[in-house]
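# Structure assessment
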Amino acid sequence: MALRRTGLLGGSFDPVHLAHIALAETARTTLDLDEVQLIPAADPWQRGPLAASAAHRLAMLHIAVTGRAHIHVNPLEIQRGGPTYTIDTLRELPASADYFWILGADQLENFCSWQHWQEIISLVTLAVAQRPGARLTPAQPLIEHLKKLDRQLIELPFEPTEISATLVRQRLARGQSTNGLLDVAVAQYIKQNGLYQAPVA
Ligand SMILES: Nc1ncnc2c1ncn2[C@@H]1O[C@H](COP(=O)(O)OP(=O)(O)OP(=O)(O)O)[C@@H](O)[C@H]1O
Ligand SMILES: O=C(O)c1ccc[n+]([C@@H]2O[C@H](COP(=O)([O-])O)[C@@H](O)[C@H]2O)c1
């Protein structure tokens, strides 16, 4: 039986925004994926504390994927808890799929600082999207290791967009509109639950 082609989009999702969803959809169609899993991190170890709880971030993700049959939320990192290392996640996933790790160019620039990044690229194919201010060219150690493993890095045809969770949090804290940045139902959830009111550090 053919392996299920599965995209994995990990993130803090604090909160999930429209670029995340566009990225998941672009990867799905470009790579002919059977599904894309959005995987919220429990405690992204390279960041300071997140603004919203894991429960709220999960709830917003579920709202954002409503009606999108091929995009699912996988809560395994939140269930595992503790500092989030992608390698632990990949080791937990069933071997019955062909995995694509979807990421923005900012995280590609950072990739060689990830725990056990060499093992990560032996388990998944990286699929990267442009992001303003970040370079798409992989670092030399990554290029060399991909070559050693005979792995390709896939560049997704993604229109660069300035949308970021930081921008969303800033706008919410200032009482400004998030039109065009967030799913309308996610924006409603944020309002109803009084999230992201504190000034952004
Ligand atoms: N506008 C975007 N363009 C391309 N990739 C993006 C974009 N926004 C997020 N991503 C990618 O989605 C993944 C998850 O991102 P994350 O949840 O950290 O959102 P973020 O907008 O980068 O958050 P923050 O502003 O808090 O850093 C990362 O791989 C990131 O590079
Ligand atoms: O495994 C690591 O060491 C590692 C280091 C930095 C980031 N990541 C993952 O990259 C994804 C995007 O992270 P972030 O901080 O941009 O939300 C998310 O799934 C993180 O868990 C993973």
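Right above here is the structure, for reference.
Notes on the structure in this doc start here. (Residues numbered from 1 in each chain as written. Chains lettered and ligands numbered in written order. Predicted model: local features only at pLDDT ≥ 70, side-chain atom pairs only at ≥ 80, totals over all residues.)

A separate point is the site of ligand 2. Around ligand 2 sit 14 residues, and of these G10, S12, T86, W114 and Q115 come closest. Listing elements by their share of the shell around ligand 2, those giving two or more residues are strand 1 (4–11) and helix 4 (86–92). (Near = placed C-beta within 6 Å. Helix = DSSP H or I, 4+ residues; strand = E, 2+ residues; numbered from the N terminus.)

With that settled, the discussion passes to the nonpolar core. One finds L9, L23, A24, A27, L38, L61 and I102 to be the most contacted residues of the largest nonpolar core, which totals 44 residues. Look past the residues within four positions of L61 in its chain and what remains in contact with it is F13, V16, L38, P40 and V73. (Core = buried A, V, L, I, M, F, W, Y, C linked by C-beta atoms within 7 Å. Buried ≥ 20, exposed ≤ 12 C-beta atoms within 10 Å, placed from the backbone. Contact = placed C-beta atoms within 7 Å.)

The next point concerns the pairing of strand 2 (residues 35–40). For a regular strand, side chains alternate in direction, first toward one face of the sheet and then toward the other. Burial analysis of strand 2 places five of its six residues in the buried class, the great majority of the element. In terms of strand pairing, strand 1 meets strand 2 through six bridges, oriented parallel. The partner of L9 across the bridge, within strand 2, is L38. Where strand 2 lies against strand 4 (residues 71–73), three bridges are found, and the strand directions are parallel. Its bridge partner lying in strand 4, L38 is registered against V73. (Pairing = 2+ DSSP bridges.)

By secondary structure assignment, the location of R5 is in strand 1. Sequence separation between R5 and D34 is 29 residues, and the spatial gap between their C-alpha atoms is 5.3 Å.

Spatial relationships are all this shows, so hold off on functional conclusions.
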